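Overview (structure and organization)
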Amino acid sequence: MSYLDALEAESIHIFRETAAAFERPVMLYSIGKDSSVLLHLLRKAFYPARPPMPLLHVDTTWKFREMIAFRDEVAAAGDVEVLVHINEEGVRQGISPLTHGSAVHTDVMKTVALKQALDHYRFDAAIGGARRDEEKSRAKERVFSFRNAQHRWDPKQQRPELWHTYNTQIHQGESVRVFPLSNWTEMDVWHYIQRERIPVVPLYFAKPRPVVARDGALLMVDDDRFTLREGEKVEMRSVRFRTLGCYPLTGAVESTAATLDQIIDEMAASRSSERQGRVIDNDGSASMERKKQEGYF
Amino acid sequence: MAIIDPAGNIAPDTGLLRFITCGSVDDGKSTLLGRLLYDAGIVPDDQLAALARDSRKLHGDGPEALDFALLTDGLDAERQQGITIDVAYRYFHTPRRNFIVADCPGHEQYTRNMATGASTAQLAVVLVDARKGLLPQTRRHSYICALMGIRQVVLAVNKMDLVDCREDIYAAITHEYRALAAQLGITTVHCLPVIAPGGDNIGKPSTRMPWYQGPTLLALLESADTAVTQAEDFRMPVQWVNRPDASFRGYAGTVSGGRVAVGAEIVVQPAMRRARIERIVTADGDLPEAVAGQAVTLTLDREIDASRGDVIADAARPAPVADQFAAHILWMGDESLLPNRAYWLKIGSRTVNARITSIKHKVDVNTQAELAARRLDLNEVGYCNIDLDHAIAFESYKNNHALGGFILIDRTTHATVGCGMLDFALRRAANVHWQHTDLNKEARSVSKGQSARCLWFTGLSGAGKSTIANLVERRLHSLGYHTYMLDGDNLRHGLNKDLGFTAEARVENVRRVAEVAHLMVDAGLIVLVCVISPFQSERQFARGLFDEGEFLEVFVDTTLDECERRDPKGLYRKARAGEIVNFTGIDSPYEVPADAELHLRTVGLRPEQLAEQVVEQLLAGLGHSTRS
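Rules used throughout
Residue numbers restart at each chain and count upward from 1, following the sequence in its written direction. For this description, chains carry letters from A and ligands carry numbers from 1, given in the order in which they are written. Per-residue local features are limited, in this predicted model, to residues with pLDDT of at least 70; the limit for side-chain atom pairs, both in listing and counting, is 80 or more; totals at the level of whole chains, interfaces and linings are taken over all residues. Heavy atoms throughout the structure, all of them, feed into the side-chain values; hydrogens and water do not. Think of it this way: any DSSP run of H or I at least four residues long counts as a helix, any run of E at least two long counts as a strand, and we number them from the N terminus. A simple rule labels every residue: compare its accessible area, found with a 1.4 Å probe on the protein chains alone, to the largest value its type can have, and call it buried under 20%, exposed over 50%, or partly exposed in between. By definition in these notes, contact holds between two residues if any of their heavy atoms fall within 4.5 Å. Working definition of accessibility: Shrake-Rupley area with a 1.4 Å probe, residue cover restricted to the visible protein chains. For this analysis, a polar contact is any N or O atom pair within 3.5 Å, provided that within protein one partner can donate a hydrogen and the other can accept it, and provided that sequence-adjacent residues contribute only side-chain to side-chain pairs. Here the term cavity refers to a set of points on a 1 Å grid, laid over the protein atoms alone, in which a 1.4 Å probe fits but cannot get out; the term pocket refers to an open set having protein on both sides within 12 Å along at least five of seven lines, with lining residues being those that place an atom within 4 Å of a point. Grid points are joined across faces, edges and corners, and a volume is the space filled by probe spheres set on the points. Residue type decides the class: Asp, Glu, Lys and Arg count as charged, Ala, Val, Leu, Ile, Met, Phe, Trp, Tyr, Cys and Pro as nonpolar, and the leftover types, Gly among them, as polar. An axis is simply a line fitted to the C-alpha atoms; with a helix, the fit covers only the stretch in contact. Between two such axes, the angle follows the N-to-C directions and lies from 0 to 180 degrees. When describing relative orientation, an angle under 35 degrees is termed roughly parallel and one over 145 degrees roughly antiparallel, while 65 to 115 degrees is termed roughly perpendicular and anything else oblique. Handedness of each helix crossing follows the sense of rotation of the near helix against the far helix: counterclockwise by less than a right angle gives left-handed, clockwise gives right-handed. One bridge is not enough; two strands pair if DSSP finds at least two bridges between them. Segmentation into domains, and thus their bounds, comes from an automatic or database assignment. Buried area: the accessible area, evaluated with a 1.4 Å probe, that two parts lose upon being put together, summed over both parts. A carboxyl oxygen of Asp or Glu within 4 Å of a side-chain nitrogen of Lys or Arg is what we treat as a salt bridge.

**A few points about the overall build of chain A**
- On a plain count of helices and strands, chain A comes out with 8 helices and 10 strands.
- Put simply, chain A has 297 residues, and 63% of those count as buried.
- Here the analysis covers contacts within chain A between residues at least 6 apart in sequence; of these, 74% occur between residues at least 24 apart.
- Total accessible area computed for chain A in this model is approximately 11100 Å², and 49% of it derives from carbon and sulfur atoms.

Here is the structure:
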């Protein structure tokens, strides 16, 4: 077996274990490249049956328009149910990454929204695309990561996880987050997308896009909610995204890589990490760890 | 993480080495690993900038030295304490190979996390501080590596600069370690001297230790043996049954040993039903054969009953089936392992009830000496006999990790409290058979004109259990029911005479009472059991012996103050005076029932009133109305 084959088999094993051991599993679908790989693996794991769990997209209302279009295409394919949840209370309060900043926006529109959706549907297992290579506190996360009834993660109370024998026992109200891509790297994900011809959002490929340079990041102007600060101007530059989130919080990189081959070549020569463009990671040292403890994915 | 190598090439298919780093705290594991990643050229610029910034923050504006440990210690608490709490997994590759490394904590209290990392590793890098030589943790970690099946070790003797790079010191340490490794059954040991912060002998040869001519750490890792020596016999635990419609029934799982081809004859274990492989289904099309590590879906040529937890095996060479084993257990729970307490045991995709029937010995991991033990505490390893409530198909751990490695789960907290490695089945399991009898519980009950029940009274000493149960029994007797009362105190004069009052003795006490009650229910009787039964786990075990609706837990709820005030046998007075130890409520816990069928609050009510509540509930369940 090749390295990618081994990663694939391990992930399929994790998907099947989740479906077999939990009553109401769900796959969190964030529309990014990792989600695309997850969806592909979900279909493979249960072939020829339809995937025995729905997808859940927590929509912050600030995703790139191309992401939403891509999500709607997935839903239209019809073999999986796609649930969309928006924190309507947050919408009523007018929470915006532009005026409230990334910390408040992320908490209200992502963390709180996710907990609302999990509680509403009473999901007891939520599969996500997080990889251990993304960020240092993620490197410590279990594949089956226990959350208490308040969705909190306690790094000191994690269950030891040996071999591929996962403890899936929970009490009523408790849940687990499941990470089938734990052992994948960003490069593995791209190699796999290439090998399996998995569709991804076009924003990953370079083309001229309207961007504004702000605080050391290139932000794309995706709709008219984006307000320019004094002295800022919109420029057309050839850019692409290594990671996708809310558009005012996700920096683009200057690039001409317009094909998978070019992306992989560009990454091989890159000297910066994937989450460099994520504004939310820079909220302070260990901020991801804190967010995770509060229930952030 | 962006990955580059000197040639700029990415080579994803050069195989994989999973390894761990371990050693005592402050031996410099995190620094060594950070340095290894740095020398492999895989630390991105923005992380390097953050590293320089964080290094300055921690160590002031002194020398520009980078603190490589900061690359790997990710949790806030770890940075604050300067230690590694949990296993962190890192990914990197060189042109020759992919690597997954588990960076394991050194502190003794986190030994369970180290075992976690070792369970999937093929090689261990063991660090030793040149100034200190082999420490208890070095021996403990090496022992656990060997127990987990790791047969290759790289011994990195670190901080050589602090012993003036002396070869004799290095030689003495490696000599001692090789002896230890031989004793543990670790077959391959490579030793090398390193200076982690400086990168000496990590990515490039050291100029400070010209007497060492061997390969660097990176070169050793690139050339280590990645072949997995596992069983050749075909085994696949059924993980999930795939039934999209009436025309398709497939058994999904990951092949854990050997290979299987279309047409091969298999057997579904433990029931031993035979069939042939019809198709090997994957989303990418059917396969002619499947090998260990592949996640596939098998269809069979005939309809047989197979479900999650079963094992599909080569019919000519099936796995052994048994329900009693000898196994090594590494205890990971904060509460001790108590013999005879029921735990869930998960092995492959099967979960069964298990009891440790005896701890043959525990192992002093420093000396490998075998010590007598009545319980296992956190991080202790014991050699134990295990009894399961179902027979399972299994392999010895050294043959097949997936069918020989198991975890133990606490039935109340659901924590993973232990892991184990099966050794062999106990012969007596195969020789003791269940004797079939023609008369059954139903027949015996019907002849008595009743439905058999177990009424389980639990509560503190002096709560009123026996008083109430006695009244209940008298009342049932007067109504013509066939009853028997099992009183904890009375049983301790005979059946349980050999048991004391330690936690492990209480577990065994309750187990025996529950088994006797079970026999009496089988005889068709209504049994009244009065035992303190302080632990939730044992009450759950008792409940599990009975059919649905047969077991009624009666919580006789009297406050400790009230029990002490009553003190009918003068026991509380003695306990308070220190004359009795392990007394429930005083120096031993009572876990309040969460799912009792009846909750009797005794204060303010006469025993007769409480007994009537019990009788009413029982008769309602039997479908009889109270005739008073």
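Next comes the rest of the account.
**Re the side chain of aspartate 310 of chain B**
All names here are of chain B.
- Considering the arrangement of structural elements, one finds aspartate 310 in the loop between strand S14 (295–300) and strand S15 (311–314).
- At a separation of 3.0 Å, a polar atom in the side chain of aspartate 310 contacts the main-chain amide nitrogen of serine 307.
- Ignoring any residue separated from it by four or fewer positions in sequence, one finds aspartate 310 in contact with Met236, Pro237, Val238, Val268, Gln269, Pro270, Asp305 and Arg350.

**Some points on empty space enclosed by the protein**
- Summed over all chains, the structure comprises 6 cavities of 30 Å³ or more.
- Here the second largest cavity defines a volume of roughly 150 Å³.
- Lining the second largest cavity are 15 residues, with Arg132, Val143, Trp163 and Asn183 of chain A together with Tyr89 of chain B sitting closest to its centre.
- When residues of the lining of the second largest cavity are traced back to their parent elements, those giving at least two are helix H1 (3–21) of chain A together with helix H4 (111–119) of chain B.
- Counted by class, the lining of the second largest cavity contains 5 nonpolar, 5 polar and 5 charged residues.

**A few points about the packing of helix H2 (residues 33–46) of chain A against helix H6 (residues 186–196) of chain A**
All names here are of chain A.
- Remark: H2 packs on H6, axes separated minimally by 10 Å, with the N-to-C direction vectors making an angle of 55 degrees. Judged on the interaxial angle alone, H6 and H2 are oblique. Crossing handedness for the pair H2 and H6: left-handed. Between H2 and H6, the contacting residues are Lys33, Asp34, Val37, His40, Leu41 and Lys44 on the first element and Glu186, Val189, Trp190, Tyr192, Ile193 and Glu196 on the second.
- Class assignment of the residues belonging to the contact of H2 with H6 gives a composition of 6 nonpolar, 1 polar and 5 charged.

**Topic: the pairing of strand S18 (residues 350–364) of chain B**
Residue and element names in this part refer to chain B.
- Sheet topology places strand S17 (residues 342–347) next to S18; 6 bridges connect them, and they run antiparallel. Looking at S18, one finds that leucine 345 is bridged to valine 352.
- Where S17 folds back onto S18 in an antiparallel hairpin, the turn is made up of 2 residues, including glycine 348, whose phi is positive at roughly 60 degrees.
- Pairing geometry for S18 and strand S19 (residues 369–371), over 3 bridges, is antiparallel. Within the sheet, the bridge partner assigned to lysine 362 lies in S19 and is leucine 371.
- Two successive antiparallel strands, S18 and S19, enclose a turn made up of 4 residues, where glutamine 368 displays a positive phi of approximately 60 degrees.

**Things to note about the domain arrangement of chain B**
All names here are of chain B.
- We note that the domain assignment places domain 1 (16–223), domain 2 (235–314), domain 3 (322–425) and domain 4 (441–622) within chain B.
- Averaged C-alpha coordinates put domain 3 and domain 4 at centres separated by 30 Å.
- Overall, the association of domain 3 and domain 4 removes approximately 1100 Å² of surface from exposure, summing both partners, and the carbon and sulfur fraction of that is 45%.
- The interface formed by domain 3 and domain 4 contains 2 salt bridges.
- Of the charged contacts, one joins glutamate 504 and arginine 375 as a salt bridge, the two residues approaching to 2.6 Å between their closest N and O atoms.
- Scanning the region where domain 3 abuts domain 4 turns up 5 residue pairs in polar contact (both at pLDDT 80 or more).
- Of the residues belonging to the side of domain 3 that touches domain 4, the class tally is 3 nonpolar, 2 polar and 5 charged.

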